[in-house]
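Coordinates in review
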Amino acid sequence: MKSTNTAIPLEKLLEQLPDIYSVADRELVQHAYRVAEEAHREQKRLSGEPYINHCVSVASILAELKVPPEVIAAGLLHDTVEDTSVTLTDIRRDFGDAITALVDGVTKLTHLPHVSRGDQHADSDAVKQEDEEPPSAPALLGRKDEIVAETLRKTFLAMGKDVRVMFIKLADRLHNMRTLSHMPEHKRKRIAQETLDIFSPVANRLGIWQIKWELEDLAFRNVNPVEYKKIAELLTEKRPDRESQLEVIKENLIKLLEQNNIKAEISGRPKHIYSIFKKMQKKDKPFDMVWDVRAVRLIVPDVPSCYAALGLIHTSWRPIKDEFDDYIAAPKDNYYQSLHTAVIYKDKRPLEVQIRTHEMHLNAEFGIAAHWRYKEGSKQADKNYEQQINSLRSMMEWGPDVRDATEFVESMHTDVFQDHVYIFTPRGDAIDLPSGATPIDFAYHVHTDIGHRCRGARINGKLVPLDQALNTGDQVEILTAKRGGPSLDWLNPNLGLVKTQRARSKIKVWFKKQEDEQNLAQGRSGLEKELQRLGLKDINFEKLAHDLNYKTPDEMFIELGNGDLSFSKIIRQFSQPEESPDIFEVNPSSTPATSTNSIEVVGLKGMLSAMARCCNPTAGDQVVGFITRGRGVTIHRQDCPNILQTKERERLLQVGWGHVERTYPVPVKIKAYDRQGLVSDISNLLSDENINIADVKVNVNRSIADLRLIIEVKDITQLSRILTRIENLPNVMEAHRSSPG
Ligand code: MN
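To keep things clear, this report deals only with the structure shown in the data block. No experiment lies behind these values; they were computed from the predicted model shown.

Our focus in this paragraph is the sheet that holds strand E20 (residues 704–713). Taking strand neighbours across the sheet as the criterion, the four strands line up as E19-E20-E18-E21 in an open arrangement whose pairing is antiparallel. In the strand order of this sheet, the two ends are held by strand E19 (692–701) and strand E21 (732–737), each with one partner. The sheet shows a mean angle of 15° between the axes of neighbouring strands, taken without regard to direction. Where E19 and E20 come together, nine bridges link them in antiparallel fashion. The partner of Val 700 across the bridge, within E20, is Ala 705. Each of strand E18 (664–673), E20 and E21 is contacted by helix H30 (residues 716–727), which is oriented at about 165° to E21, the strand it contacts most.

Structure (structure tokens):
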């Protein structure tokens, strides 16, 4: 900071005064300057400057906020009563009650515990003040947060009826922070910390971003010089690259908006060092990740344009999940309004976008002080100001953290957002939903599980039907069952119980899951039953599922259960050559295949064939096929007299024995209510399948027949099929493979 021993000329301050000031207003400021200059004439700042420069600087900061003239006058006089021989009586005589009240307010604020002045007097008074350190630092540590909160509350209380006192105090603190380098180091840290603890929260609460960010950066520089320097250097290093990128992005955005008839001013958004630091801490990310984000701000003429621009940006680039905030519909506590979003820009890197109207922008930069920037007669501005003052009052009464919930909710009522309704949870969190949304939509929005278990709802304390449309400002409480799921009715569009796609898809997922669970159980038990019948044990389901191209056995069971996969396909899997020896834990029949299952009808593969009864051909005989009327092909020995004598030579088919297949003897147990012809039905069935019966034992007890057969089958598929066919015979209760021996 360059020091000067000369006073800042009054003319410079006069130039900075708002244009709307009248001649009388300007005279008031000049008058205050003269009184202050005279009162402080012998005092110097630590920098060696005349003390009046501090007063003028404070007044300049206030002029930037375009506060009324009496505030600037009080700003010039703010240290007179505290530090000079000038008294409140003198002030009252010269300037009247209003300005006196302001000066008195600032003086009283200075005496709050731990709200140090941070003033830079070079005189003995200042030295004396240095001795008034806080009682003992260690004793304060544990209660620090408490003290900060209490000081904040008292600060607001002291601000009393007039928020303008706080503007003066903030301007005072800002200038002291700008010139902090002249202070000894231990004082710097304390004042800087206090600035972060008390003054920047106050600036934030008043919505004065301009003052808040500068206080924070100046304070952070002193509280944590190492981190400050690191971030500042990285910022400087990357600035050229960042700025050229931003230029291109801005041009593209302007083009895009113009093509869609949206008028917008676009600016790159300055990033402040302390906010980068806090973001790095909060998100636990290194500098690159935080800084890598390019940020632009769009200022558009009106609220519909805000949303139009947002929609355009979201359709041009992919929005980043959870980065969208609608502070227009749900303003922050300090009445800040804006749309915030972040998208993946076409270079695949994030771009932060803020969208707001001119009015919102003024509010964002100047907060409660924006009131004075509007032309006279803006009823809305007056109303906003009143509202903010009221909100500050209630805050003062209840402490800094209690909000007036009713007022907040009321401020949310607005016709602008017909497409959305803003609903409150019992805890007061706002949730936005498409208009027409129901309590069930709300429940699913809060939590999927709350949606599933939703059984009723209270809106603003009253029980309502679940198809009731929600309105902005409703406070909704969901009544849930301990367990259970959604009703199928919820998916019926005619009942209008669910409006949002989000809830709908969650309900569908639930039902799909239930269905899957049911199918899984059915598939698994069905397969287990079949395997048991076939006497197959210790089946590796993992391998089986894998062989059938399922990721997990569960998937396989689900498809079995819903019929997409047949049992026979699974059973066939066991008939694969490499499976068979394991499956039949016995040796193949010692006498290989004398059965006739290996006939191949040349040219008509798979055609129904049967052995002719006249000549009973056996494997190895020279054979010929005869096409019957309706019974397929019968196989005769070539020397069968019937063949030799037939005139219908065109019906003869050349056939030959296929390759000889191995068969396996399998013991089978059949239980049935005994009836006539049961055994012959079974043996006919087996001979139809060309299965040889190696052994039969029949035992009938109290009209229950117990048959034990040993049949020679070539694979599990055949066994499965034959057992099923036997079970389908009249009176048969069950047919299954029995353990060998
Ligand atoms: Mn001061």
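We now examine the coordination of the manganese ion. All of the protein donors around the manganese ion are His 54 (NE2), His 78 (NE2), Asp 79 (OD) and Asp 172 (OD); their distances to the metal are 2.2 to 2.3 Å. Linear spacing of the donor residues for the manganese ion on their chain is H-x23-H-D-x92-D. Accessibility expressed as a relative area gives 1% for His 78, which makes it buried. Taking relative accessible area as the criterion, Asp 79 reaches 3% and is therefore assigned buried.

All right, on to the packing of aromatic side chains then. Under the defined criterion, the tally for this structure stands at nine aromatic pairs. Centre to centre, the rings of Trp 510 and Phe 511 are 5.1 Å apart; their planes meet at 90°, and the pair counts as edge-to-face. Feature note: the residues Phe 220, Tyr 228, Tyr 274 and Phe 277 constitute an aromatic cluster, connected by ring pairs. Geometry around Tyr 51 places Arg 45 over its ring, the cationic atom sitting 5.8 Å from the centre.

This part takes up the packing of helix H26 (residues 567–574) against H30. At a closest axis distance of 7 Å, the pairing of H26 and H30 adopts a crossing angle of 140°. Relative to H30, H26 is oriented oblique. Contacts between H26 and H30 involve Ile 571, Arg 572 and Phe 574 on the former and, on the latter, Ile 716, Thr 717 and Ser 720. Here the residues of the contact of H26 with H30 are counted per class, giving three nonpolar, two polar and one charged.

Further remarks concern the environment of Leu 470. Position of Leu 470 among the secondary structure elements: in the loop between strand E10 (462–464) and strand E11 (476–480). Sequence separation between Leu 470 and Asp 441 is 29 residues; the distance between their C-alpha atoms is 9.6 Å. Setting aside its immediate chain neighbours within four residues, Leu 470 contacts Val 421, Ile 423, Leu 433, Ala 437, Thr 438, Pro 439, Phe 442, Ile 459 and Val 476.

The next subject is the sheet that holds strand E9 (residues 454–459). Reading across from one edge, E10-E9-E11 is the order of the three strands in this open sheet, with antiparallel pairing throughout. Where the open sheet ends on each side, the last strands, each with one partner, are E10 and E11. Sheet twist, expressed as the mean angle between neighbouring strand axes with direction ignored, is 35°. As paired elements, E9 and E10 share three bridges and run antiparallel to each other. Across the sheet, Arg 458 pairs through a bridge with Leu 463, a residue of E10. Running at roughly 85° to E11, helix H21 (residues 439–446) makes contact with E9, E10 and E11 of the sheet.

Among the ten residues that make up E20, seven are buried, leaving the element largely enclosed by the rest of the structure. Pairing of E18 with E20, which is carried by ten bridges, proceeds in the antiparallel orientation. In the strand pairing of E20, Pro 667 is matched with Ile 710. Hairpin connection from E19 to E20: two residues lie between these consecutive antiparallel strands, with Arg 702 at a positive phi of about 50°.

Summarising burial for strand E5 (residues 339–344): five of the six residues are buried, a large majority. Bridge count for strand E3 (residues 318–319) against E5 is two bridges, and the pairing is antiparallel. By the bridge assignment for E5, Arg 318 is matched with Ile 344. Summarising the sheet, strand E4 (residues 325–326) and E5 pair through two bridges and their orientation is antiparallel. Directly across from Asp 326, in E5, lies its bridge partner Leu 339. Pairing of E5 with strand E6 (residues 350–357), which is carried by six bridges, proceeds in the antiparallel orientation.

Time to look at the pattern of salt bridges. Evaluated as defined, the whole model comprises 28 salt bridges. We note a salt bridge from Arg 178 to Glu 214, for which the minimum N-O separation is 2.6 Å. In this pair, Arg 178 sits in helix H11 (residues 163–178) while Glu 214 sits in helix H13 (residues 209–223), placing the two residues 36 residues apart along the sequence. Residue Arg 178 is classed as partly exposed on the basis of its relative accessible area of 30%. Among the residues examined, Glu 214 registers a relative accessible area of 17% and is labelled buried.

Now for unusual backbone geometry. With a phi angle near 55°, Asn 261 is a residue other than glycine that sits in the positive phi range. Residue position: Asn 261 is located in the loop between helix H14 (225–259) and strand E1 (265–268). Of note, Ser 703 is a non-glycine position whose phi angle comes to about 60°, a positive value. Structurally, Ser 703 can be placed in the loop between E19 and E20.

Structurally, the position occupied by Arg 356 is in strand E6. Side-chain polar atoms of Arg 356 contact the side chain of His 361, separated by 2.9 Å. Not counting the four nearest positions on each side in its chain, Arg 356 is found in contact with Arg 297, Leu 298, Ile 299, Val 300, Cys 306, Tyr 336, Gln 337, Ser 338, His 361, Ala 364 and Glu 365.

Analysis parameters
- All residue numbers refer to positions counted from 1 along the written sequence of the respective chain.
- Thresholds applied to this predicted model are a pLDDT of at least 70 for local features of residues and 80 or more for the giving and counting of side-chain atom pairs; totals over whole chains, interfaces and linings are not thresholded and use all residues.
- For the side-chain quantities, the full set of heavy atoms in the structure was used; hydrogens and water were omitted.
- Pairing between two strands requires that DSSP report at least two bridges joining them.
- Under the scheme used here, helices are H or I runs from DSSP no shorter than 4 residues and strands are E runs no shorter than 2 residues, and both carry numbers assigned from the N terminus.
- With axes taken as lines fitted to C-alpha atoms, and helix axes fitted only over the stretch in contact, angles between N-to-C directions fall between 0 and 180 degrees.
- Every residue pair with non-hydrogen atoms within 4.5 Å of one another is taken to be in contact.
- Coordination partners: N, O, S within 2.8 Å of the metal, 3.2 Å for Na, K and Ca; water not considered, so apparent gaps in a site are possible.
- Think of it in three bands: residues with accessible area under 20% of the maximum for their type are buried, residues over 50% are exposed, and the middle band is partly exposed, with areas taken using a 1.4 Å probe on protein chains only.
- Pairing of aromatic side chains requires ring centres within 6.5 Å, counting the rings of Phe and Tyr and the six-membered ring of Trp. Pairs whose planes differ by under 30 degrees are stacked, by over 60 edge-to-face, and all others tilted.
- Whether a charge sits over a ring depends on NZ of Lys or CZ of Arg being within 6 Å of the ring centre and within 35 degrees of the ring normal.
- The scheme is simple: roughly parallel for angles under 35 degrees, roughly antiparallel for over 145, roughly perpendicular for 65 to 115, oblique for anything else.
- When residues are sorted by character, Ala, Val, Leu, Ile, Met, Phe, Trp, Tyr, Cys and Pro go into the nonpolar class, Asp, Glu, Lys and Arg into the charged class, and all the rest, Gly among them, into the polar class.
- One side-chain nitrogen of Lys or Arg within 4 Å of one carboxyl oxygen of Asp or Glu is enough to make a salt bridge.
- Polar contacts, as counted here, are pairs of nitrogen or oxygen atoms within 3.5 Å of one another; within protein the pair requires one atom able to donate a hydrogen and one able to accept it, and residues that are adjacent in sequence qualify only if both atoms are side-chain atoms.

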